[in-house]
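What follows is each chain in one-letter form.
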Amino acid sequence: MDTTMHAVRGHRRGGPEVLAYETAPRPVPGEGEVLVQVRAASITAGELAWDATWTDSLAPGGKPRLPATPAKELAGVVVEGPGTGDEVFGLIPFTRDGAAAEFTAVPAEVLAPKPAGLGFEESAALTLAGLTAWQGLVRHGGPAEGRRVLVHGAAGGVGSLAVQIAAALGAEVIGTAGADHLDFVRGLGAARALDYRAEPFEDQVRDVDLVFDTAGGDVQQRSWQVLRDSGVLVSIVSPPEPPEPPEPPAGEGPRGTFFVVEPDRAGLVELTRLVDAGRLTVPVDQVIPLSGTSAAYAALEQRSRRGKIVLSVS
């Protein structure tokens with residue numbers, strides 16, 4: 001068996017410019033792990049700034065883990081270990097090497113069977129973005145049926161899936177996006193699509209039960225204005241700070257929460273059920289070969305995208 005492979009690695013911390021497409025040792029799976037031949041890997045904006053991409057910790061101060069391979073979202077085929085031959089997809093724990101390589105060793109517990117109705121590229125694009133949307137809406141936002149949900153960045157990788165999932169769960173969905181993406185957002189299942197540049201969303205929306213925030217900053221702060229007293233602002237960007245006056249006593253007024261997505265086999269299974277039921281499609285903005293990984297990360301800086309950027313590996 002060949003003991004080497006092609007991989008993308010960074011030998012020092014930095015941005016797309018530090019990533020090199022090179023020959024690297026093929027990983028050997030440890031206890032509880034399987035070796036996956038990667039067919040596609042998806043990438044996420046900001047990933048190269050995460051401490052976990054380069055160290056053994058999610059927080060600052062971790063031990064450097066170099067050279068490091070990025071891209072935590074994969075779809076591929078198990079070639080060693082339990083389930084050899086199975087087509088799988090999953091989210092790799094953030095403090096491990098990623099899937100921008102021909103092979104990767106992954107804990108078997110984070111993988112799920114690849115959706116039969118999706119190709120490898122779409123399946124890879126579903127992992128982090130889909131789990132982020134699912135966990136934010138269901139685990140942190142509460143039941144969606146019959147509620148009004150506002151999704152910021154509704155045409156993006158996470159937002160486009162959040163719109164579909166919320167609609168599939170019975171919510172009335174409103175999405176914000178650029179003018180050229182409004183029809184796309186409505187096609188995902190949004191009852192209304194708002195051009196965030198044309199008119200402030202807080203002048204157009206009221207009585208929202210759940211705001212799903214993928215933008216942060218001023219957009220997050222203005223979102224408090226549209227929430228019901230019982231509403232919740234779920235952010236994947238930063239902890240929401242309620243505006244002045246100070247937050248009401250516990251149990252009164254809207255609340256805010258911030259979370260970081262986690263590997264979640266059960267969540268992947270739920271997403272697959274929605275795919276199988278025809279309620280969830282996965283937009284892919286671009287597919288770029290593994291050798292172009294550095295350019296793919298640079299492309300993430302473009303704000304106007306529909307869906308995820310995916311690396312085609314093998």
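The coordinates are above.
These remarks concern the structure in this document. (Residues numbered from 1 in each chain as written. Predicted model: local features only at pLDDT ≥ 70, side-chain atom pairs only at ≥ 80, totals over all residues. Heavy atoms only, no water.)

**Section: the overall build of the chain**
Within the chain one finds 7 helices and 15 strands. Its C-alpha atoms give the chain a radius of gyration of 20 Å, near enough to 20 Å, the size a compact globule of 314 residues would have. In terms of overall dimensions, the chain has C-alpha extents of about 60 × 45 × 35 Å along its principal axes. Burial statistics for the chain: of 314 residues in total, 53% are counted as buried. With 27 positive and 40 negative side-chain charges, the chain shows a separation of 2 Å between the mean positions of the two kinds. (Helix = DSSP H or I, 4+ residues; strand = E, 2+ residues; numbered from the N terminus. Rg over C-alpha atoms; globule rule 2.2 N^0.38 Å. Buried < 20%, exposed > 50% of the residue type's maximum accessible area, 1.4 Å probe, protein only. Lys, Arg positive; Asp, Glu negative; His and termini not counted. Charge placed at Lys NZ, Arg CZ, Asp CG, Glu CD.)

**A look at the side chain of Thr-104**
Mapped onto the elements of the fold, Thr-104 is located in strand 6 (residues 103–107). From its side chain, Thr-104 meets the backbone oxygen of Gly-98 in a polar contact 3.4 Å long. (Polar contact = N/O pair within 3.5 Å; in protein donor to acceptor, adjacent residues only side chain to side chain.)

**Side note on the sheet that holds strand 8 (residues 148–151)**
One open sheet holds the 6 strands; their spatial order is 10-9-8-11-12-13, and the pairing between them is parallel. Among the strands making up the open sheet, the edge pair consists of strand 10 (192–195) and strand 13 (255–258). Put simply, the sheet's adjacent strands are angled 15° from each other on average, direction ignored. Across 4 bridges, strand 9 (residues 172–177) lies against strand 10 in parallel orientation. (Pairing = 2+ DSSP bridges. Axes fitted to C-alpha atoms, helices over the stretch in contact; angles between N-to-C directions.)

**Points about the side chain of Arg-147**
By the element assignment, Arg-147 lies in the loop between helix 2 (120–140) and strand 8. Asp-209 provides the closest opposite charge to the buried, unpaired Arg-147, separated from it by 4.5 Å. In terms of polar contacts, Arg-147 uses its side chain to reach the backbone carbonyl oxygen of Asp-209, at 3.5 Å. Beyond its immediate sequence surroundings of up to four residues, Arg-147 is in contact with Gly-141, Gly-142, Gly-170, Ala-171, Glu-172, Asp-209 and Val-232. (Salt bridge = Lys/Arg side-chain N within 4 Å of Asp/Glu carboxyl O. Contact = heavy atoms within 4.5 Å.)

**Observations concerning the pattern of salt bridges**
Any two side chains of opposite charge can pair if their charged atoms end up close together. Tallying each qualifying case throughout the model produces 13 salt bridges. Notably, a salt bridge pairs Glu-87 with Lys-114, separated by 3.8 Å at the nearest N-O pair. Of the two residues, Glu-87 sits in strand 5 (residues 87–91) while Lys-114 sits in the loop between strand 7 (111–113) and helix 2, which places them 27 residues apart along the sequence. Residues Arg-228 and Asp-209 are paired through a salt bridge, measuring 3.0 Å at the closest nitrogen-oxygen approach. One end of the pair, Arg-228, is in strand 12 (residues 227–235); the other, Asp-209, is in strand 11 (residues 208–213), with 19 residues separating them in the sequence. You can call Arg-228 partly exposed: its relative accessible area is 33%. For Asp-209, a relative accessible area of 12% puts it in the buried group. Through salt bridges with shared partners, one network takes in Glu-202, Asp-218 and Arg-222.

**Observations concerning the pairing of strand 11**
Among the 6 residues that make up strand 11, 6 are buried, leaving the element largely enclosed by the rest of the structure. Alignment of strand 8 against strand 11, held across 3 bridges, turns out to be parallel. Counterpart to Val-149 in the pairing with strand 11 is Leu-210. Pairing of strand 11 with strand 12 involves 5 bridges; the strand directions are parallel.

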